[in-house]
2 protein chains.
Amino acid sequence: MEKTRQLKTLIDCAMKRAKCDLVVRNARIFNVFTGEIEQGEIAVKEGVIVGIGTGYAGEREYDGAGMIFLPGLLDAHIHVESSMLTPEEFARLAVAHGTSGIIADPHELVNVCGVEGAEYLKKAFDRLQCGGVCPLDVFMQLPSCVPATPFETSGASLDARATREEIVREEFFGLGEMMNYPAVIAGEEETIAKLAAAEEAGKIADGHAPAVTGDALNAYLLGGIATDHESLTAEEMREKVARGMYVQIRCGSSANNLALCGEVVTAENARRFLLCSDDKHAHDLLQRGHLDDALRRLVRSGVPARFAIPAATLNVAECYGLKRRGAIAPGYIADMVGVNDLSDFSVRAVFKRGVLVAENGKALFSAQEKYLPAAVRNTVRVKDVSPEDFRIPVRSGRARAMQVAAYGLVTEEVIVSVRGGEDIDLSGTDLNKLAVIERHFASGNMGLGLVKGYGFRGGAIGISVAHDSHNLVVLGDDNAAMARAAQLLKETGGGMALVGAEGEETYPLDVAGLMSSLPAEEVAARTAHISAAARRMGVKEGYDPFMTLAFLALPVIPHLKLTDKGLFDGDKFAFTKVEV
Amino acid sequence: MEKTRQLKTLIDCAMKRAKCDLVVRNARIFNVFTGEIEQGEIAVKEGVIVGIGTGYAGEREYDGAGMIFLPGLLDAHIHVESSMLTPEEFARLAVAHGTSGIIADPHELVNVCGVEGAEYLKKAFDRLQCGGVCPLDVFMQLPSCVPATPFETSGASLDARATREEIVREEFFGLGEMMNYPAVIAGEEETIAKLAAAEEAGKIADGHAPAVTGDALNAYLLGGIATDHESLTAEEMREKVARGMYVQIRCGSSANNLALCGEVVTAENARRFLLCSDDKHAHDLLQRGHLDDALRRLVRSGVPARFAIPAATLNVAECYGLKRRGAIAPGYIADMVGVNDLSDFSVRAVFKRGVLVAENGKALFSAQEKYLPAAVRNTVRVKDVSPEDFRIPVRSGRARAMQVAAYGLVTEEVIVSVRGGEDIDLSGTDLNKLAVIERHFASGNMGLGLVKGYGFRGGAIGISVAHDSHNLVVLGDDNAAMARAAQLLKETGGGMALVGAEGEETYPLDVAGLMSSLPAEEVAARTAHISAAARRMGVKEGYDPFMTLAFLALPVIPHLKLTDKGLFDGDKFAFTKVEV
């Protein structure tokens, strides 16, 4: 009955027998179905577009002169945690830049907090209000790789059985990116069973398959995986599209493959491309924007706007089955973004379900009270450490060290000559010690290793963001400073810490040790401040002092990495020792 | 567990760790995602495509040399009843022409038999077998307009309440074409409630909106209607696409709008077009084909093959949410059609779930035993009529007659001078009598009217197909012959009947009075034979002797029509009288 009443109301408005809630006048409208720009009024009732035409009467009117209206932008794949912002702050920035919906994969939160981490994220977004509507829709994926590997200690574990139980829940929209592509291709039952569970639940599964092509790509696709954002070459993108994958063009803060798209996207295949952020830092959101920036850069890379815009609207809606989203047309949810033009994509007005939620780069809402349930607070549980725990005994005089590629995440294993017996003597070397300290269960697990060429001198730095299990990572050249840095991270409940001659500095990531409850501007400023302090202690150009550390504990990236369980040889896929 | 096992098996085949069921070698493949033609082997296991590549081993091998493989063709909208064939016979012809799936709207059957008519159609298709698979997928719509109008007696009625109950059933894929567009646009509650029920059930609703544009189109779309196949002009097609409708290009036996498409379909909007048949007669299926013929004609009309083929494959799958259909790619159901080229589209091999189901124009299956449940048999229930019942008393000397437009369905009201008192004297005129006799409940309802210019002389002809309520329609110039024709239709359980100086001829439509249980070739031959006999009795060029009659009882087509309740003025939307 209620639906019948609603439809009748909408129809009455379309036929001008009743007054609309909102009429956007003098608008130019980008039509995703035709690739053309239309002129007309957009009429809205009860959050739904009831017509594109002329002569509507509205309770509210909005002058759209000088703008081109696009459908609300949809991010096909993002880890909100990478912004280090709470959902409230993330939404404030993203919505100001025209974002109406995100497919969120809470991989980091769930590795720390389990399913409650995802529930937190969903609920925090859903609680947001602006003029009676929730300003950002979040479609929450259930992470597929928790833990990411068996070679580290994560805060939670989601095996196939748990996945089967969780994936059917309404809270979960689909299965998050299946990073364990070798297991899929090998046909490992535990991994396949997760994909089978998603398929049986009628839910989509996202992919992550760098350089997976040929037979392996066919096999990976048979797992029911719909998308991929990891293409490294134009040829790889073309093959993935041809095999039926939706290719997510990634425009993240660190990684992007925009430059490939100019030569790959054609009129015939354009419908199979989506835009996504994957990882987007707070300062990047503040300074460059979100999908508006991605559109700007995609168009500059040579993709015509008429194919670029659907990649952030209609194509995303089609791929993920988001009903009545991704277009400005009768019956569609009235999510709309007014931009200045189709090359700069500067966002001037953002409507969500017909409510103005942002104007001229500012969101018209804020979360007065942040949602911070117990599950995501006080998550850093570390056994006390002493300076002696950081000793690395090497009696042979030769040791393995990680040399990190500048501007990259890959490490090389290098063999270095070292002095010392009970503990390595770092003086006069370009070595640092690295420690990964288990922080979920206060088990006392701790891995120790060496890093060459990082340049850091005179103390220690540490961070509680460490992909994908998010243990504590501490780097330094002084055992006492390293122990102190670990202690500071424990006291702040996670974050970044620096211990040096100038004193101590901390920056708290009090939400699961991953995100900060501070305002975005403060997050960006304080991250910059503590990073600059670390830079002054010698960290070389090409390394982000803290964020580079966050990837040294990720054993799936070659070649030598460190987890809380010890030094890991990514080539042999086995643990190894510092001493040679 | 079973799904996990299946996925693992498929992956093993993709990686060549296990043998496939079928390998199609030397194939060229049309890729719907890129619009390009690829070369490669297609490997199939358990009915699913596991890879496009080289070097596969298969239990069976098929040499695809000289063919281009397309995904199995999908008809976006068809009334199977219009073929006058049983599902078994329809499938035999359609599959031979490359059809893998149809969205069927059993509007005629349900108007006669109620929901059991739809159940019959679904079950009859689903029972078909060929090499262990069902050779044709049918996605069954629940008709939305039963009865089509309140001005006639149909065999069943599906009001909003019944629609709400039925639409949630698994048997029903969506809501059939909403022909009552004036009611939608007017916001009539009973009609809107049907659309609301479909939306709440999460099911698609098809449309039918000739010349509906502007505000009315916006309003119609708000009913949640996804498609339309009635566009009369290129401009109308363009507007419907721009407003978010999927435009079904109709290639039926009587109506088609192919000629418009050459100038309308562009690279930007091509994804929003679908191919459909709507109504397809047996002789047309036999002589010209099905969607293969539609593709051939669409390409000739100027639409490039790379945009035409998706309209009969991927686009249909996307519009209707048909999972893993519409493409030749890993994970997709192995429905494939080998054609000789992309201009002639001559079908040489048809695979359904990896099983060869037709070759060189012949289906490799037949239904030994037709499924004919009681619900669709003996449906013609008529109260006995006598010659006196066909008398039309006119004392004023002036009467209304229908003049049918040649090659069309529209009638004009003409006023004619007539002789006679108790009954019109037809001698020396170019008038025929027309009777519509209620045949569902033997109520004795009978409408009488006059037809001018049909040319028929010397007896009577009649048919039990009469849109949309399918009462008996009898035309003639002799009361006794007309009564006899009605009697013959009653005795055959529906069909076509002819009574003249040469004798009598009948052709039975023993399934619901709409379809014949005879083989397709015999249906075409006997229809042609009885039509030729009627033609010899004077029916003029421009009229199909029987099928034109089938539309004279359809009150929604202007201007003067006849139902079992009487003569109907389509302009005043009210009953009128023969006598002026």
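Keep in mind the model is a prediction, meaning the values are calculated, not measured. Here the residue numbering is sequential within each chain, running from 1 through the sequence in written order. All chains are assigned letters beginning with A, and all ligands numbers beginning with 1, in the order in which they are written. Reporting in this predicted model follows two pLDDT cut-offs: at least 70 for local features of residues, and 80 or more for side-chain atom pairs to be given and counted; totals over whole chains, interfaces and linings ignore these cut-offs and use all residues. Think of the side-chain values as coming from all heavy atoms in the structure, minus any hydrogens and water.

Enquirer: Help me understand the nonpolar core in this model?
Expert: Grouped burial of nonpolar side chains is what soluble globular proteins tend to show. By size, the foremost hydrophobic cluster in this structure holds 410 residues, and its most contacted members are Ile42 of chain A together with Ile42 of chain B. Residue contacts are defined here by distance: any two heavy atoms, one from each residue, within 4.5 Å place the two residues in contact. Excluding its chain neighbours within four sequence positions, the residues that come into contact with Ile42 of chain A are Leu22, Val23, Val24, Ala27, Ile29, Ile49, Gly51, Ile52, Phe69, Ile328 and Met336 of chain A. Buried Ala, Val, Leu, Ile, Met, Phe, Trp, Tyr and Cys residues form a nonpolar core when they are joined through side-chain atoms within 4.5 Å. Residue burial is assigned from relative accessible area. The probe radius is 1.4 Å, only protein chains are included, and a residue is buried under 20% of its type maximum, exposed over 50%, and partly exposed in between.

Enquirer: What am I meant to see in empty space enclosed by the protein here?
Expert: Picture a little ball the size of a water molecule; that probe, rolled over the atoms, points out where space is still empty. With a 1 Å grid spanning the protein atoms alone, the term cavity applies to any set of points in which a 1.4 Å probe fits but cannot get out, the term pocket to an open set with protein on both sides within 12 Å along at least five of seven lines, and the term lining residue to any residue with an atom within 4 Å of a point. Grid points are joined across faces, edges and corners, and a volume is the space filled by probe spheres set on the points. Under the definition given, this model contains six cavities of 30 Å³ or more. When its volume is computed, the largest cavity comes out at roughly 250 Å³. What lines the largest cavity is a set of 22 residues, among which Ala267 and Arg271 of chain A together with Ala267, Glu268 and Arg271 of chain B lie closest to the centre. For the lining of the largest cavity, the elements supplying multiple residues, two or more each, are helix H13 (305–311) of chain A together with helix H13 (305–311) of chain B. Class assignment of the residues belonging to the lining of the largest cavity gives a composition of 10 nonpolar, six polar and six charged. Numbered from the N terminus, helices here are DSSP runs of H or I no shorter than four residues, and strands are runs of E no shorter than two. Under the scheme applied here, ten amino acids are nonpolar (Ala, Val, Leu, Ile, Met, Phe, Trp, Tyr, Cys and Pro), four are charged (Asp, Glu, Lys and Arg), and all others, including Gly, are polar.

Enquirer: Which parts of the structure should I look at to understand the pairing of strand E25 (residues 503–508) of chain B?
Expert: Note on strand geometry: in a regular strand, side chains alternate between the two faces of the sheet. Two strands pair when backbone bridges link them, and strand E24 (residues 495–500) of chain B and E25 of chain B are joined in this way by six bridges, in the antiparallel orientation. Paired with Gly500 of chain B across the strands is Gly503 of chain B, a residue of E25 of chain B. The pairing criterion for strands is at least two bridges between them, as found by DSSP.

Enquirer: Teacher, can you tell me more about the interface of chain A and chain B here?
Expert: When the parts of a complex come together, some accessible area is lost, and that lost area is often used as the size of the interface. Tallying the contact residues gives 65 residues for chain A and 65 residues for chain B. Accessible area that two parts lose when put together, evaluated with a 1.4 Å probe and summed over both, is termed the buried area. At the boundary of chain A with chain B, total buried surface from both sides reaches about 5300 Å², with 55% on carbon and sulfur atoms. Every case where a carboxyl oxygen of Asp or Glu lies within 4 Å of a side-chain nitrogen of Lys or Arg is listed as a salt bridge. Here chain A is connected to chain B by 14 salt bridges. Close ionic contact of Arg324 of chain B with Glu199 of chain A constitutes a salt bridge, the shortest N to O distance being 3.6 Å. For this analysis, a polar contact is any N or O atom pair within 3.5 Å, provided that within protein one partner can donate a hydrogen and the other can accept it, and provided that sequence-adjacent residues contribute only side-chain to side-chain pairs. If you look at where chain A meets chain B, you find 24 residue pairs in polar contact (both at pLDDT 80 or more). Elements that contribute at least two residues to the side of chain A that touches chain B include exactly helix H1 (2–14), strand E3 (48–53), helix H6 (181–186), helix H7 (189–200), helix H8 (214–222), helix H9 (234–242), H13 and helix H14 (314–320) of chain A. Tallied by class, the residues present in the side of chain A that touches chain B amount to 33 nonpolar, 14 polar and 18 charged.

Enquirer: Could you clarify how one ought to interpret the sheet that holds strand E22 (residues 460–463) of chain B in this entry?
Expert: Residues and elements named next belong to chain B. Spatially, E19-E18-E21-E20-E23-E22-E24-E25 is the arrangement adopted by the eight strands of the open sheet, whose pairing is mixed. In this open sheet, the two edge strands, each paired with only one partner strand, are strand E19 (411–417) and E25. Neighbour to neighbour, the strand axes of the sheet diverge by 25° on average, direction disregarded. Pairing between E22 and E24: four bridges, direction antiparallel. Residue pairing across strands places Ile463 opposite Met496, the latter belonging to E24. Strands strand E20 (431–437), E22, strand E23 (472–476), E24 and E25 of the sheet are contacted by helix H15 (residues 479–491), whose axis makes an angle of about 150° with E24. Between N-to-C directions, angles span 0 to 180 degrees; the directions come from axes that are lines fitted to C-alpha atoms, helices contributing only their stretch in contact. Lying on the sheet, helix H16 (residues 520–536) is in contact with E22, E24 and E25; it crosses E25 at an angle near 150°.

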